[in-house]
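Topology and contacts: notes
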Amino acid sequence: MVHAFLIHTLRARNAEDAGFCRVLYSCVFGAEKSLDDVRPHGAERDRLLRKEQILAVARQVESMCQLQQLASGRPPPDLQAQTSDEPVPLHEAPHGVFGLAAGDPFQEPRTVVWLGVLSLGFALVLDAHDNLLLAESTLRLLARLLLDHLRLLAPGSSLLLRADHVEGILFRFLPHGQLLFLNDQFVQALEKEFSAAWPR
């Protein structure tokens, strides 16, 4: 099961003054229960804990993305050159998988599947035993749908104002955090359903 989905910013590796990694959107599917902590957990404390956990994942994804681009020897992508009409080459985008040990930052071991598309990072936080191939194909599908339907890379685009659209896509393609085996016809049918409900 997917524990969380997040979209965050990616800085160019040589832009130290470009600010910090920012989480633009996150969705957590289920809350962690602390077995060691007997104190009552307030809603605000739980929210802050989730926020810290998600930010820790986003920072680690950003580091992994920068390391992969550095190791590839390719020049860093021009984050300003992409326009909303150009197709985004997801097959060339940096991607990877890494594990998180228990307690860092989640109580149980987790696996993170990530994808970096120009200035945006996408990640799924999974249970340690989940199907990684299915998770990667799901993440690529979600990234493609979000980029196509919400035009996330267009100048002036605001993901924060379109959270309901993101939730609509997640509801159809990642319901309650469940990874689905989807064939092309079913994906097209779900995409048509989403397009009818949320016109561009």
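A brief report on the enclosed structure follows. (Residues numbered from 1 in each chain as written. Predicted model: local features only at pLDDT ≥ 70, side-chain atom pairs only at ≥ 80, totals over all residues. Heavy atoms only, no water.)

With that settled, consider helix α3 (residues 163–173). Listed in full, the buried residues belonging to α3 are His 165, Val 166, Gly 168, Ile 169, Leu 170, Arg 172 and Phe 173. Residues of α3 that are buried make contact with β1 (2–9), β2 (23–28), α2 (132–150) and α4 (184–197). (Buried < 20%, exposed > 50% of the residue type's maximum accessible area, 1.4 Å probe, protein only. Helix = DSSP H or I, 4+ residues; strand = E, 2+ residues; numbered from the N terminus. Contact = heavy atoms within 4.5 Å.)

For the rest of this paragraph, the subject is the environment of Arg 144. Position of Arg 144 among the secondary structure elements: in helix α2. Between the C-alpha atom of Arg 144 and that of Pro 89, which follows or precedes it by 55 residues, the distance is 9.5 Å. In contact with Arg 144, not counting residues within four places along its chain, are Leu 90, Val 187 and Glu 191.

Two measures define how a pair of helices packs: the angle their axes make with one another and the distance between the axes. Direction vectors running N to C along α2 and α4 enclose 35°, while the axes themselves pass 13 Å from each other. Classified by chirality, the crossing of α4 by α2 is right-handed. Contacts between α2 and α4 involve Leu 141, Arg 144, Leu 145 and His 149 on the former and, on the latter, Val 187, Glu 191, Phe 194 and Ser 195. Tallied by class, residues from the contact of α2 with α4 come to four nonpolar, two polar and two charged. (Axes fitted to C-alpha atoms, helices over the stretch in contact; angles between N-to-C directions. Left-handed = near helix turned anticlockwise from the far one by under 90°. Nonpolar A, V, L, I, M, F, W, Y, C, P; charged D, E, K, R; others polar.)

This next bit is on the sheet that holds strand β3 (residues 95–100). Read from one edge of the open sheet, five strands run β2-β1-β5-β4-β3, paired in antiparallel fashion. Edge strands, defined here as strands with exactly one partner in the open sheet, are β2 and β3. Each adjacent strand pair in this sheet contributes to an overall mean axis angle of 15°, direction not counted. Sitting on the sheet, helix α1 (residues 43–72) touches β1, β2, β3, β4 (110–117) and β5 (120–127), and the angle it makes with β1 is about 60°. Strand contacts of α2: β1, β3, β4 and β5, with the helix running at about 145° to β5, the strand carrying the most contacts. (Pairing = 2+ DSSP bridges.)

Following the sequence through the fold, Glu 62 ends up in helix α1. In contact with Glu 62, not counting residues within four places along its chain, are His 8, Thr 9, Leu 10, Arg 11 and Cys 21.

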